[in-house]
Amino acid sequence: MQSTTAICPSLFNATTAQDGILSRIRLPAGLITSTQCEVLTEVVNQFGNGEIQITNRANLQIRTSQALPEEVLLDFQDYGLASSTESTDGLRNMMASPSAGIDVHAKINTIPLVKAWNFYLLQHPELAILSNKFSICFDGGEAIRVSDRPNDICLVAIETKSEIYFDLHLGLGDRGDSPAPVGVVIHHNQVLEVLAALTEVYRQYTEQKLEQKIYSRSRPPRLRELLHDWGVEKYLDLVEQQLSYSLRPSPLAPLPLGERGTRAYEHLGIHAQKQSGLFYIGVVVTLGRLTSPQLAGLASLAKQYGGGALRLTPWQNLLITDIAEADLEQVTQEILNLGLYISAHHPYAAIAACSGYKGCKSAFTDTQSDAKAIASHLEKCIQLDDPINLHVSGCDKSCAQHHASDIAIIGQASETYKVYVGDGEINFGRELYAEYAAHELPHLMERLINIYQNQRQNPEQSFREFVNQCNLQELREVISHA
(Lines give C-alpha, C1' and ligand atoms only; values in the text may rest on other atoms or scores of the structure.)
Protein backbone atom coordinates (compact mmCIF):
# COMPACT_ATOMS: atom_id res chain seq x y z
CA MET A 1 0.00 0.00 0.00
CA GLN A 2 1.07 3.58 -0.61
CA SER A 3 2.56 5.64 2.16
CA THR A 4 2.39 9.43 2.18
CA THR A 5 5.45 10.12 4.33
CA ALA A 6 8.35 9.46 2.00
CA ILE A 7 11.18 11.96 1.63
CA CYS A 8 11.99 10.84 -1.91
CA PRO A 9 8.71 9.85 -3.59
CA SER A 10 8.17 6.68 -5.56
CA LEU A 11 5.05 4.77 -6.52
CA PHE A 12 4.88 2.88 -3.24
CA ASN A 13 6.00 5.86 -1.18
CA ALA A 14 4.11 8.89 -2.41
CA THR A 15 4.41 12.30 -0.80
CA THR A 16 1.91 15.11 -0.32
CA ALA A 17 2.06 18.55 -1.90
CA GLN A 18 -0.30 21.51 -2.17
CA ASP A 19 -1.43 20.35 -5.60
CA GLY A 20 -1.93 16.66 -4.77
CA ILE A 21 -0.18 13.44 -3.88
CA LEU A 22 3.07 13.10 -5.79
CA SER A 23 4.11 9.67 -7.11
CA ARG A 24 7.31 9.12 -9.07
CA ILE A 25 7.65 6.39 -11.68
CA ARG A 26 11.22 5.20 -12.08
CA LEU A 27 12.00 4.23 -15.65
CA PRO A 28 15.38 2.56 -16.22
CA ALA A 29 17.18 4.50 -18.98
CA GLY A 30 14.05 6.64 -19.41
CA LEU A 31 12.36 4.07 -21.66
CA ILE A 32 8.57 3.83 -21.72
CA THR A 33 6.58 1.77 -24.23
CA SER A 34 3.43 2.92 -26.00
CA THR A 35 1.42 0.36 -24.02
CA GLN A 36 2.83 1.68 -20.74
CA CYS A 37 1.87 5.20 -21.82
CA GLU A 38 -1.71 4.05 -22.45
CA VAL A 39 -1.91 2.51 -18.96
CA LEU A 40 -0.47 5.65 -17.39
CA THR A 41 -2.82 8.05 -19.17
CA GLU A 42 -5.84 6.03 -18.03
CA VAL A 43 -4.70 6.32 -14.40
CA VAL A 44 -3.90 10.04 -14.70
CA ASN A 45 -7.30 10.74 -16.22
CA GLN A 46 -9.11 8.79 -13.52
CA PHE A 47 -7.16 9.79 -10.40
CA GLY A 48 -4.94 12.69 -11.38
CA ASN A 49 -4.94 16.17 -12.85
CA GLY A 50 -4.55 15.01 -16.45
CA GLU A 51 -0.85 15.87 -16.49
CA ILE A 52 2.43 13.92 -16.49
CA GLN A 53 5.81 15.49 -15.74
CA ILE A 54 9.23 14.39 -16.98
CA THR A 55 11.87 14.84 -14.28
CA ASN A 56 15.50 15.84 -14.66
CA ARG A 57 16.41 12.20 -14.06
CA ALA A 58 14.35 11.05 -17.08
CA ASN A 59 11.64 9.59 -14.84
CA LEU A 60 7.96 10.49 -14.68
CA GLN A 61 5.88 11.89 -11.88
CA ILE A 62 2.14 12.32 -11.50
CA ARG A 63 -0.09 14.11 -9.03
CA THR A 64 -3.33 12.52 -7.86
CA SER A 65 -6.15 13.61 -5.59
CA GLN A 66 -5.87 10.41 -3.55
CA ALA A 67 -3.40 7.62 -2.89
CA LEU A 68 -3.41 5.20 -5.80
CA PRO A 69 -5.48 2.07 -5.03
CA GLU A 70 -3.65 -1.21 -4.58
CA GLU A 71 -5.11 -2.63 -7.79
CA VAL A 72 -3.57 0.27 -9.76
CA LEU A 73 -0.16 -0.39 -8.24
CA LEU A 74 -0.50 -4.07 -9.11
CA ASP A 75 -1.37 -3.10 -12.70
CA PHE A 76 1.71 -0.88 -12.80
CA GLN A 77 3.81 -3.83 -11.68
CA ASP A 78 2.23 -6.07 -14.33
CA TYR A 79 3.04 -3.54 -17.07
CA GLY A 80 6.57 -2.86 -15.86
CA LEU A 81 5.84 0.65 -14.59
CA ALA A 82 6.80 -0.41 -11.08
CA SER A 83 9.30 -2.84 -9.69
CA SER A 84 7.93 -6.32 -9.03
CA THR A 85 9.68 -6.00 -5.66
CA GLU A 86 8.00 -3.17 -3.80
CA SER A 87 10.84 -2.59 -1.35
CA THR A 88 13.40 -1.73 -4.04
CA ASP A 89 11.12 0.23 -6.36
CA GLY A 90 12.69 3.49 -5.22
CA LEU A 91 16.19 2.30 -6.17
CA ARG A 92 15.52 1.97 -9.88
CA ASN A 93 17.21 5.28 -10.65
CA MET A 94 19.30 4.29 -13.67
CA MET A 95 20.28 6.86 -16.24
CA ALA A 96 21.59 6.23 -19.74
CA SER A 97 21.94 8.35 -22.82
CA PRO A 98 18.56 8.77 -24.58
CA SER A 99 20.33 7.72 -27.79
CA ALA A 100 21.80 4.51 -26.36
CA GLY A 101 21.69 1.77 -28.98
CA ILE A 102 20.88 4.13 -31.85
CA ASP A 103 23.81 6.56 -31.74
CA VAL A 104 26.51 6.14 -34.37
CA HIS A 105 29.09 7.61 -31.97
CA ALA A 106 28.45 5.11 -29.17
CA LYS A 107 31.23 2.73 -28.20
CA ILE A 108 28.77 0.23 -26.69
CA ASN A 109 25.01 -0.16 -26.28
CA THR A 110 24.35 0.35 -22.55
CA ILE A 111 20.67 -0.65 -22.55
CA PRO A 112 21.44 -4.35 -21.85
CA LEU A 113 23.54 -3.26 -18.85
CA VAL A 114 20.68 -1.12 -17.53
CA LYS A 115 18.25 -4.02 -17.84
CA ALA A 116 20.68 -6.45 -16.21
CA TRP A 117 21.28 -4.09 -13.27
CA ASN A 118 17.56 -3.57 -12.85
CA PHE A 119 17.12 -7.36 -12.70
CA TYR A 120 19.90 -7.55 -10.09
CA LEU A 121 18.04 -5.09 -7.87
CA LEU A 122 14.91 -7.20 -8.11
CA GLN A 123 16.87 -10.19 -6.82
CA HIS A 124 18.36 -8.32 -3.85
CA PRO A 125 15.66 -6.89 -1.57
CA GLU A 126 18.28 -6.32 1.15
CA LEU A 127 19.32 -3.22 -0.84
CA ALA A 128 16.07 -1.54 0.18
CA ILE A 129 17.87 0.03 3.16
CA LEU A 130 19.90 2.24 0.79
CA SER A 131 18.97 5.83 0.13
CA ASN A 132 16.22 6.15 -2.48
CA LYS A 133 18.46 8.75 -4.12
CA PHE A 134 21.08 6.12 -4.95
CA SER A 135 21.68 6.66 -8.64
CA ILE A 136 23.73 4.94 -11.32
CA CYS A 137 24.51 6.22 -14.81
CA PHE A 138 25.77 4.41 -17.92
CA ASP A 139 27.41 6.59 -20.58
CA GLY A 140 28.22 4.62 -23.73
CA GLY A 141 30.10 7.44 -25.45
CA GLU A 142 27.05 8.66 -27.39
CA ALA A 143 26.80 12.13 -28.91
CA ILE A 144 24.14 12.79 -26.26
CA ARG A 145 26.42 12.47 -23.25
CA VAL A 146 25.12 12.03 -19.71
CA SER A 147 28.38 11.67 -17.80
CA ASP A 148 28.10 15.20 -16.41
CA ARG A 149 24.66 14.58 -14.86
CA PRO A 150 24.67 14.30 -11.03
CA ASN A 151 24.88 10.61 -10.05
CA ASP A 152 26.44 8.53 -7.29
CA ILE A 153 28.15 6.16 -9.74
CA CYS A 154 28.76 6.81 -13.41
CA LEU A 155 30.36 4.38 -15.85
CA VAL A 156 31.79 6.08 -18.95
CA ALA A 157 32.69 3.91 -21.94
CA ILE A 158 36.21 4.24 -23.33
CA GLU A 159 38.15 2.24 -25.88
CA THR A 160 41.70 1.14 -25.24
CA LYS A 161 43.66 -1.41 -27.27
CA SER A 162 40.48 -2.30 -29.22
CA GLU A 163 38.69 -3.29 -25.98
CA ILE A 164 35.75 -1.49 -24.38
CA TYR A 165 36.14 -0.47 -20.75
CA PHE A 166 34.14 1.79 -18.47
CA ASP A 167 35.89 4.59 -16.62
CA LEU A 168 34.55 4.69 -13.05
CA HIS A 169 33.27 8.04 -11.79
CA LEU A 170 31.97 8.61 -8.25
CA GLY A 171 29.89 11.43 -6.79
CA LEU A 172 32.55 12.95 -4.56
CA GLY A 173 31.32 16.53 -4.44
CA ASP A 174 28.32 18.35 -3.10
CA ARG A 175 24.71 17.98 -4.14
CA GLY A 176 24.34 18.59 -7.87
CA ASP A 177 28.02 18.16 -8.72
CA SER A 178 29.05 15.87 -11.57
CA PRO A 179 30.71 12.59 -10.60
CA ALA A 180 34.49 12.61 -10.87
CA PRO A 181 36.87 9.95 -12.29
CA VAL A 182 38.71 7.94 -9.63
CA GLY A 183 41.41 6.38 -11.78
CA VAL A 184 39.79 2.96 -12.30
CA VAL A 185 38.52 1.26 -15.46
CA ILE A 186 36.27 -1.79 -15.66
CA HIS A 187 36.09 -4.23 -18.55
CA HIS A 188 32.60 -4.28 -20.03
CA ASN A 189 32.21 -7.95 -19.10
CA GLN A 190 32.89 -7.16 -15.43
CA VAL A 191 30.59 -4.15 -15.04
CA LEU A 192 27.77 -5.96 -13.23
CA GLU A 193 29.95 -7.74 -10.69
CA VAL A 194 31.86 -4.53 -9.92
CA LEU A 195 28.60 -2.62 -9.55
CA ALA A 196 27.35 -5.34 -7.22
CA ALA A 197 30.51 -5.03 -5.11
CA LEU A 198 30.32 -1.22 -5.01
CA THR A 199 26.71 -1.48 -3.88
CA GLU A 200 27.34 -4.23 -1.31
CA VAL A 201 30.06 -2.20 0.44
CA TYR A 202 27.69 0.78 0.47
CA ARG A 203 24.96 -1.47 1.94
CA GLN A 204 27.28 -2.67 4.69
CA TYR A 205 28.21 0.92 5.52
CA THR A 206 24.53 1.88 5.65
CA GLU A 207 23.69 -1.06 7.90
CA GLN A 208 26.52 -0.13 10.25
CA LYS A 209 25.43 3.50 10.49
CA LEU A 210 21.80 2.54 11.05
CA GLU A 211 22.81 0.17 13.87
CA GLN A 212 24.85 2.97 15.43
CA LYS A 213 21.80 5.23 15.06
CA ILE A 214 23.95 7.80 13.27
CA TYR A 215 21.32 7.83 10.51
CA SER A 216 17.66 6.85 10.52
CA ARG A 217 15.91 4.48 8.12
CA SER A 218 13.93 7.43 6.76
CA ARG A 219 17.20 9.25 5.97
CA PRO A 220 19.93 6.66 5.34
CA PRO A 221 23.40 7.88 4.32
CA ARG A 222 24.11 8.87 0.75
CA LEU A 223 27.04 7.26 -1.04
CA ARG A 224 28.86 10.59 -1.03
CA GLU A 225 28.70 10.53 2.79
CA LEU A 226 30.49 7.17 2.76
CA LEU A 227 33.12 8.68 0.45
CA HIS A 228 33.58 11.73 2.68
CA ASP A 229 33.81 9.46 5.74
CA TRP A 230 36.09 6.71 4.41
CA GLY A 231 37.68 8.23 1.34
CA VAL A 232 37.87 6.72 -2.14
CA GLU A 233 40.91 4.53 -1.46
CA LYS A 234 39.36 2.68 1.49
CA TYR A 235 36.07 2.28 -0.36
CA LEU A 236 37.74 0.74 -3.41
CA ASP A 237 39.96 -1.48 -1.22
CA LEU A 238 36.83 -2.97 0.34
CA VAL A 239 35.27 -3.36 -3.10
CA GLU A 240 38.33 -5.32 -4.23
CA GLN A 241 37.93 -7.61 -1.23
CA GLN A 242 34.41 -8.35 -2.41
CA LEU A 243 35.68 -9.09 -5.91
CA SER A 244 38.80 -11.11 -5.00
CA TYR A 245 40.72 -9.36 -7.79
CA SER A 246 42.28 -5.93 -8.24
CA LEU A 247 40.61 -3.12 -10.10
CA ARG A 248 42.46 -1.97 -13.20
CA PRO A 249 44.00 1.55 -13.05
CA SER A 250 42.84 3.94 -15.76
CA PRO A 251 45.34 4.57 -18.57
CA LEU A 252 43.69 7.87 -19.52
CA ALA A 253 43.86 11.39 -18.16
CA PRO A 254 40.38 12.56 -17.09
CA LEU A 255 38.47 14.68 -19.57
CA PRO A 256 37.87 18.31 -18.62
CA LEU A 257 34.27 18.80 -17.47
CA GLY A 258 33.43 20.95 -20.47
CA GLU A 259 34.22 18.02 -22.77
CA ARG A 260 32.17 15.49 -20.82
CA GLY A 261 28.66 16.84 -21.38
CA THR A 262 26.38 17.15 -24.36
CA ARG A 263 26.22 20.47 -26.17
CA ALA A 264 22.96 21.80 -24.83
CA TYR A 265 19.82 20.64 -26.60
CA GLU A 266 21.56 19.21 -29.66
CA HIS A 267 19.32 16.14 -29.36
CA LEU A 268 16.21 18.15 -30.30
CA GLY A 269 14.98 18.06 -33.88
CA ILE A 270 15.61 15.35 -36.49
CA HIS A 271 18.72 13.13 -36.39
CA ALA A 272 19.90 10.07 -38.27
CA GLN A 273 20.32 6.83 -36.31
CA LYS A 274 23.09 4.30 -36.76
CA GLN A 275 20.42 1.99 -38.20
CA SER A 276 20.36 2.73 -41.92
CA GLY A 277 17.32 4.69 -43.10
CA LEU A 278 15.97 5.38 -39.60
CA PHE A 279 15.79 8.65 -37.69
CA TYR A 280 14.82 9.96 -34.28
CA ILE A 281 13.03 13.21 -33.45
CA GLY A 282 13.82 15.14 -30.26
CA VAL A 283 10.62 16.74 -28.96
CA VAL A 284 10.45 19.91 -26.88
CA VAL A 285 8.18 19.42 -23.85
CA THR A 286 6.90 22.58 -22.20
CA LEU A 287 8.61 22.73 -18.78
CA GLY A 288 8.73 18.95 -18.86
CA ARG A 289 4.94 18.70 -18.55
CA LEU A 290 2.67 16.73 -20.87
CA THR A 291 -1.08 16.58 -20.84
CA SER A 292 -2.53 13.07 -20.99
CA PRO A 293 -3.77 13.67 -24.60
CA GLN A 294 -0.23 14.75 -25.58
CA LEU A 295 1.33 11.64 -24.03
CA ALA A 296 -1.30 9.45 -25.66
CA GLY A 297 -0.67 11.16 -29.00
CA LEU A 298 3.09 10.68 -28.78
CA ALA A 299 2.63 7.05 -27.78
CA SER A 300 0.39 6.55 -30.80
CA LEU A 301 3.01 8.09 -33.09
CA ALA A 302 5.69 5.83 -31.63
CA LYS A 303 3.51 2.79 -32.20
CA GLN A 304 2.43 3.75 -35.74
CA TYR A 305 5.65 5.18 -37.14
CA GLY A 306 8.47 4.33 -34.73
CA GLY A 307 9.83 1.64 -32.47
CA GLY A 308 6.84 1.56 -30.15
CA ALA A 309 8.49 3.44 -27.28
CA LEU A 310 9.42 6.92 -26.11
CA ARG A 311 12.80 7.83 -24.63
CA LEU A 312 12.74 10.42 -21.87
CA THR A 313 15.76 12.66 -21.35
CA PRO A 314 17.26 14.34 -18.25
CA TRP A 315 16.59 17.65 -20.01
CA GLN A 316 12.86 16.99 -19.46
CA ASN A 317 12.01 16.32 -23.08
CA LEU A 318 11.87 13.13 -25.14
CA LEU A 319 12.79 11.25 -28.30
CA ILE A 320 10.65 9.27 -30.74
CA THR A 321 12.94 6.76 -32.46
CA ASP A 322 13.10 4.40 -35.45
CA ILE A 323 11.19 6.62 -37.89
CA ALA A 324 11.57 5.97 -41.60
CA GLU A 325 12.73 8.94 -43.67
CA ALA A 326 9.50 8.89 -45.69
CA ASP A 327 7.46 9.43 -42.49
CA LEU A 328 9.47 12.28 -40.99
CA GLU A 329 7.34 15.09 -42.40
CA GLN A 330 4.10 13.46 -41.28
CA VAL A 331 5.36 12.70 -37.76
CA THR A 332 6.75 16.23 -37.38
CA GLN A 333 3.39 17.71 -38.33
CA GLU A 334 1.58 15.41 -35.90
CA ILE A 335 3.91 16.56 -33.12
CA LEU A 336 3.11 20.19 -33.91
CA ASN A 337 -0.60 19.34 -33.94
CA LEU A 338 -0.20 18.12 -30.34
CA GLY A 339 0.98 21.59 -29.33
CA LEU A 340 4.60 20.48 -29.05
CA TYR A 341 7.76 21.57 -30.85
CA ILE A 342 11.01 20.08 -32.15
CA SER A 343 13.26 23.13 -32.62
CA ALA A 344 16.09 23.74 -30.14
CA HIS A 345 15.61 27.46 -30.87
CA HIS A 346 12.10 27.54 -29.47
CA PRO A 347 11.97 29.45 -26.12
CA TYR A 348 10.52 26.41 -24.36
CA ALA A 349 13.44 24.22 -25.48
CA ALA A 350 15.94 25.57 -22.96
CA ILE A 351 13.81 26.71 -20.02
CA ALA A 352 13.63 24.70 -16.81
CA ALA A 353 11.45 25.33 -13.78
CA CYS A 354 10.77 23.51 -10.52
CA SER A 355 7.21 22.81 -9.36
CA GLY A 356 6.99 26.07 -7.37
CA TYR A 357 5.00 26.62 -4.19
CA LYS A 358 2.00 24.70 -5.52
CA GLY A 359 4.04 21.51 -5.51
CA CYS A 360 6.81 22.14 -2.96
CA LYS A 361 6.80 23.54 0.57
CA SER A 362 10.28 25.01 0.11
CA ALA A 363 9.36 27.22 -2.86
CA PHE A 364 8.47 30.89 -2.45
CA THR A 365 7.09 31.55 -5.93
CA ASP A 366 4.80 30.08 -8.60
CA THR A 367 7.65 29.13 -10.88
CA GLN A 368 5.59 27.14 -13.37
CA SER A 369 3.26 30.05 -14.16
CA ASP A 370 6.07 32.58 -14.18
CA ALA A 371 8.27 30.44 -16.47
CA LYS A 372 5.36 29.87 -18.87
CA ALA A 373 4.72 33.62 -18.98
CA ILE A 374 8.36 34.25 -19.91
CA ALA A 375 8.47 31.59 -22.64
CA SER A 376 5.08 32.58 -24.05
CA HIS A 377 6.18 36.21 -24.30
CA LEU A 378 9.51 35.34 -25.93
CA GLU A 379 7.74 33.09 -28.43
CA LYS A 380 5.78 36.10 -29.67
CA CYS A 381 8.57 38.67 -29.84
CA ILE A 382 11.97 37.02 -30.34
CA GLN A 383 13.55 34.66 -32.84
CA LEU A 384 16.33 32.84 -31.01
CA ASP A 385 19.28 31.82 -33.16
CA ASP A 386 20.84 29.73 -30.39
CA PRO A 387 19.27 28.12 -27.28
CA ILE A 388 19.51 30.25 -24.12
CA ASN A 389 19.05 28.28 -20.91
CA LEU A 390 16.73 29.95 -18.39
CA HIS A 391 16.44 28.28 -15.00
CA VAL A 392 13.50 29.36 -12.83
CA SER A 393 13.68 28.07 -9.26
CA GLY A 394 11.32 28.71 -6.36
CA CYS A 395 14.19 28.73 -3.86
CA ASP A 396 17.96 28.35 -3.80
CA LYS A 397 17.91 24.52 -3.66
CA SER A 398 17.98 24.39 -7.47
CA CYS A 399 16.07 21.10 -7.73
CA ALA A 400 14.98 21.47 -11.35
CA GLN A 401 18.49 22.02 -12.70
CA HIS A 402 21.73 21.33 -10.89
CA HIS A 403 24.12 22.54 -13.58
CA ALA A 404 24.89 26.16 -14.36
CA SER A 405 22.46 28.09 -16.56
CA ASP A 406 22.75 31.14 -18.82
CA ILE A 407 20.13 33.00 -16.77
CA ALA A 408 19.01 31.92 -13.29
CA ILE A 409 15.82 33.37 -11.83
CA ILE A 410 15.57 32.45 -8.14
CA GLY A 411 12.48 32.97 -5.97
CA GLN A 412 12.71 34.53 -2.52
CA ALA A 413 10.48 35.13 0.51
CA SER A 414 9.17 38.45 -0.80
CA GLU A 415 7.67 36.47 -3.74
CA THR A 416 10.06 38.29 -6.04
CA TYR A 417 13.07 36.90 -7.88
CA LYS A 418 16.80 37.38 -7.88
CA VAL A 419 18.22 37.38 -11.41
CA TYR A 420 21.67 35.98 -12.19
CA VAL A 421 23.52 35.81 -15.50
CA GLY A 422 26.54 33.91 -16.80
CA ASP A 423 29.21 32.50 -14.51
CA GLY A 424 29.91 33.82 -11.04
CA GLU A 425 31.30 32.98 -7.64
CA ILE A 426 28.15 31.00 -6.85
CA ASN A 427 26.51 28.36 -9.05
CA PHE A 428 23.72 30.69 -10.16
CA GLY A 429 26.11 33.20 -11.75
CA ARG A 430 26.58 36.95 -11.31
CA GLU A 431 23.75 38.82 -9.60
CA LEU A 432 22.12 41.18 -12.10
CA TYR A 433 19.15 42.12 -9.90
CA ALA A 434 18.63 41.44 -6.19
CA GLU A 435 14.86 41.78 -6.49
CA TYR A 436 12.61 41.70 -9.53
CA ALA A 437 8.82 41.43 -9.75
CA ALA A 438 7.51 38.26 -11.41
CA HIS A 439 5.16 40.09 -13.79
CA GLU A 440 8.06 42.18 -15.13
CA LEU A 441 10.29 39.19 -15.92
CA PRO A 442 9.00 38.52 -19.49
CA HIS A 443 9.93 42.03 -20.65
CA LEU A 444 13.25 41.87 -18.81
CA MET A 445 14.15 38.64 -20.63
CA GLU A 446 13.11 40.17 -23.96
CA ARG A 447 15.37 43.22 -23.41
CA LEU A 448 18.28 41.14 -22.15
CA ILE A 449 18.21 38.70 -25.05
CA ASN A 450 17.76 41.47 -27.62
CA ILE A 451 20.80 43.28 -26.19
CA TYR A 452 22.83 40.08 -26.51
CA GLN A 453 21.74 39.33 -30.08
CA ASN A 454 22.31 42.92 -31.22
CA GLN A 455 25.59 43.67 -29.41
CA ARG A 456 27.55 40.40 -29.33
CA GLN A 457 30.93 40.40 -31.02
CA ASN A 458 29.99 37.79 -33.62
CA PRO A 459 27.24 35.19 -34.27
CA GLU A 460 29.36 32.48 -32.59
CA GLN A 461 29.61 34.31 -29.26
CA SER A 462 27.37 32.54 -26.76
CA PHE A 463 25.07 34.35 -24.35
CA ARG A 464 27.22 33.28 -21.42
CA GLU A 465 30.41 34.54 -23.06
CA PHE A 466 28.68 37.84 -23.79
CA VAL A 467 27.36 38.49 -20.26
CA ASN A 468 30.58 37.28 -18.63
CA GLN A 469 32.46 40.16 -20.25
CA CYS A 470 29.75 42.75 -19.50
CA ASN A 471 29.99 45.34 -16.75
CA LEU A 472 26.75 44.60 -14.89
CA GLN A 473 26.03 48.20 -13.92
CA GLU A 474 26.39 49.26 -17.55
CA LEU A 475 24.21 46.32 -18.58
CA ARG A 476 21.48 47.42 -16.14
CA GLU A 477 21.57 50.91 -17.62
CA VAL A 478 21.24 49.57 -21.17
CA ILE A 479 18.31 47.36 -20.07
CA SER A 480 16.54 50.27 -18.38
CA HIS A 481 16.68 52.29 -21.62
CA ALA A 482 15.84 49.44 -23.96
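Residues numbered from 1 in each chain as written. Predicted model: local features only at pLDDT ≥ 70, side-chain atom pairs only at ≥ 80, totals over all residues. Heavy atoms only, no water.

K.L.:
Can you break down the sheet that holds strand β8 (residues 153–160) residue by residue, with the values?
P.N.:
The 6 strands lie next to each other as β6-β7-β8-β9-β10-β11, forming an open sheet whose pairing is mixed. Two strands close off the open sheet at either side, each with one partner strand: β6 (94–96) and β11 (248–249). Looking at chain direction, strand β7 (residues 136–139) and β8 are connected through 4 bridges and run parallel. Its bridge partner being in β8, Asp 139 is matched across the sheet by Val 156. (Pairing = 2+ DSSP bridges. Helix = DSSP H or I, 4+ residues; strand = E, 2+ residues; numbered from the N terminus.)

K.L.:
Just give me the short version of a negative patch on the surface, but keep the residues and values in it.
P.N.:
A contiguous patch of negative charge, built from Glu 70, Glu 71, Asp 75, Asp 78 and Glu 86, is present on the exposed surface. Residue position: Glu 71 is located in helix α2 (residues 70–78). (Patch = residues over 30% accessible without salt bridge, like charges linked within 9 Å, V, L, I, M, F, W, Y side chains within 5 Å. Areas by Shrake-Rupley, 256 points an atom, 1.4 Å probe, with all protein chains shown as cover. Salt bridge = Lys/Arg side-chain N within 4 Å of Asp/Glu carboxyl O. Lys, Arg positive; Asp, Glu negative; His and termini not counted. Charge placed at Lys NZ, Arg CZ, Asp CG, Glu CD.)

K.L.:
Just give me the short version of helix α1 (residues 34–47), but keep the residues and values in it.
P.N.:
Between the first and last C-alpha of α1 there are 20 Å, a value that for 14 residues agrees with the 20 Å anticipated at 1.5 Å per step. Where α1 is concerned, the buried positions are Ser 34, Gln 36, Cys 37, Val 39, Leu 40, Thr 41, Val 43, Val 44 and Phe 47. (Expected span 1.5 Å × (residues − 1). Buried < 20%, exposed > 50% of the residue type's maximum accessible area, 1.4 Å probe, protein only.)

K.L.:
Describe empty space enclosed by the protein, with residues and values.
P.N.:
Applying the stated rule across the entire model yields 2 cavities of 30 Å³ or more. Of the volumes computed, that of the largest cavity is approximately 50 Å³. When the residues that make up the lining of the largest cavity are grouped by side-chain class, the tally is 9 nonpolar, no polar and no charged. Counted as a void, the second largest cavity has a volume near 40 Å³. Lining the second largest cavity, in full, are Asn 49, Glu 51, Ile 52, Gln 53, Gln 61, Ile 62, Arg 63 and Arg 289. Secondary-structure elements contributing two or more residues to the lining of the second largest cavity are β4 (48–54) and β5 (60–64). (1 Å grid on protein atoms, 1.4 Å probe; cavity = no way out; pocket = protein on both sides within 12 Å on 5 of 7 lines; lining within 4 Å. Points joined across faces, edges and corners; volume = space filled by probe spheres on them. Nonpolar A, V, L, I, M, F, W, Y, C, P; charged D, E, K, R; others polar.)

K.L.:
Got a sec to walk through the pattern of salt bridges? Specific residues and values, please.
P.N.:
Scanning the model with the defined rule gives 12 salt bridges in all. Ionic pairing is found between Asp 148 and Arg 149, a salt bridge with its closest N-O pair at 3.1 Å. For the pair Asp 148 and Arg 149, one class covers both residues: buried.

K.L.:
Outline helix α7 (residues 292–305), listing residues and values.
P.N.:
For α7, with 14 residues, the first-to-last C-alpha span of 20 Å sits near the 20 Å given by 1.5 Å per residue. Of the positions making up α7, those classed as buried are Ser 292, Gln 294, Leu 295, Gly 297, Leu 298, Ala 299, Leu 301, Ala 302 and Tyr 305. Of the surrounding elements, those touching the buried residues of α7 are α1, β4, β14 (289–291), β15 (309–312), β16 (318–324) and α8 (328–337). (Contact = heavy atoms within 4.5 Å.)

K.L.:
Explain the confidence of the model for the protein chain to me, and be specific about the residues and the numbers.
P.N.:
Taken over all residues, the pLDDT of the protein chain has a mean of 91, while the share at 70 or more is 95%. For the stretch residues 257–261, pLDDT sits under 50, and the model shows 11 contacts to residues farther than four places along the chain or on other chains. (pLDDT = per-residue confidence, 0-100.)

K.L.:
I'd love a proper account of the nonpolar core, names of residues and values included.
P.N.:
For soluble globular proteins, the rule of thumb is that nonpolar side chains tend to be buried together. Grouped together as the largest cluster of nonpolar side chains are 51 residues, with contacts concentrated most on Ile 407, Ile 409, Val 419, Leu 432 and Met 445. Per-element tally for this core: the top contributor is helix α10 (residues 441–455), with 7 residues. Apart from residues no more than four positions distant in its own chain, Ile 407 is found in contact with Ile 388, Asn 389, Leu 390, His 391, Val 419, Tyr 420, Val 421, Met 445, Leu 448 and Phe 463. (Core = buried A, V, L, I, M, F, W, Y, C linked by side-chain atoms within 4.5 Å.)

K.L.:
Can you explain the environment of Leu 31? Please cite residues and give values.
P.N.:
Tracing the backbone through its elements, the reader meets Leu 31 in strand β3 (residues 31–33). Sequence separation between Leu 31 and Gln 455 is 424 residues, and the spatial gap between their C-alpha atoms is 42 Å. Contact partners of Leu 31, with chain neighbours within four places excluded, come to Gln 36, Ile 111, Leu 310 and Arg 311.

K.L.:
Got a sec to walk through the pairing of strand β9 (residues 163–170)? Specific residues and values, please.
P.N.:
Within β9, 7 of the 8 residues are buried, leaving the element largely enclosed by the surrounding structure. The pairing of β8 with β9 spans 8 bridges and is antiparallel. Paired with Thr 160 across the two strands is Glu 163, which belongs to β9. Turn length for the β8-β9 hairpin, with the two strands adjacent in sequence and antiparallel, is 2 residues, and the turn residue Lys 161 shows positive phi of about 55°.

K.L.:
Describe in detail the packing of aromatic side chains, supporting the description with residues and values.
P.N.:
Two descriptors summarise a pair of aromatic rings, namely the distance from one centre to the other and the angle between the planes of the rings. Under the criterion given, the structure shown has 8 aromatic pairs. Between Trp 117 and Tyr 120, the aromatic rings sit 4.8 Å apart at their centres with planes inclined by 10°, giving stacked as the arrangement. Taken together, the residues Trp 117 and Tyr 120, both in helix α3 (residues 111–122) and 3 residues apart, mark about one turn of the helix. The exposure class of Trp 117 is buried, given its relative accessible area of 1%. Since its relative accessible area comes to 24%, Tyr 120 is described here as partly exposed. Ring centres of Phe 134 and Tyr 202 lie 5.1 Å apart, and the angle between their planes is 55°; on these two criteria the pair is classed as tilted. Placement of Phe 134 in the loop between α3 and β7 and of Tyr 202 in helix α4 (residues 191–211) is noted, with a sequence separation of 68 residues between them. A single burial state applies to Phe 134 and to Tyr 202, both of which are buried. (Phe/Tyr/Trp six-rings, centres within 6.5 Å; stacked < 30°, edge-to-face > 60°.)

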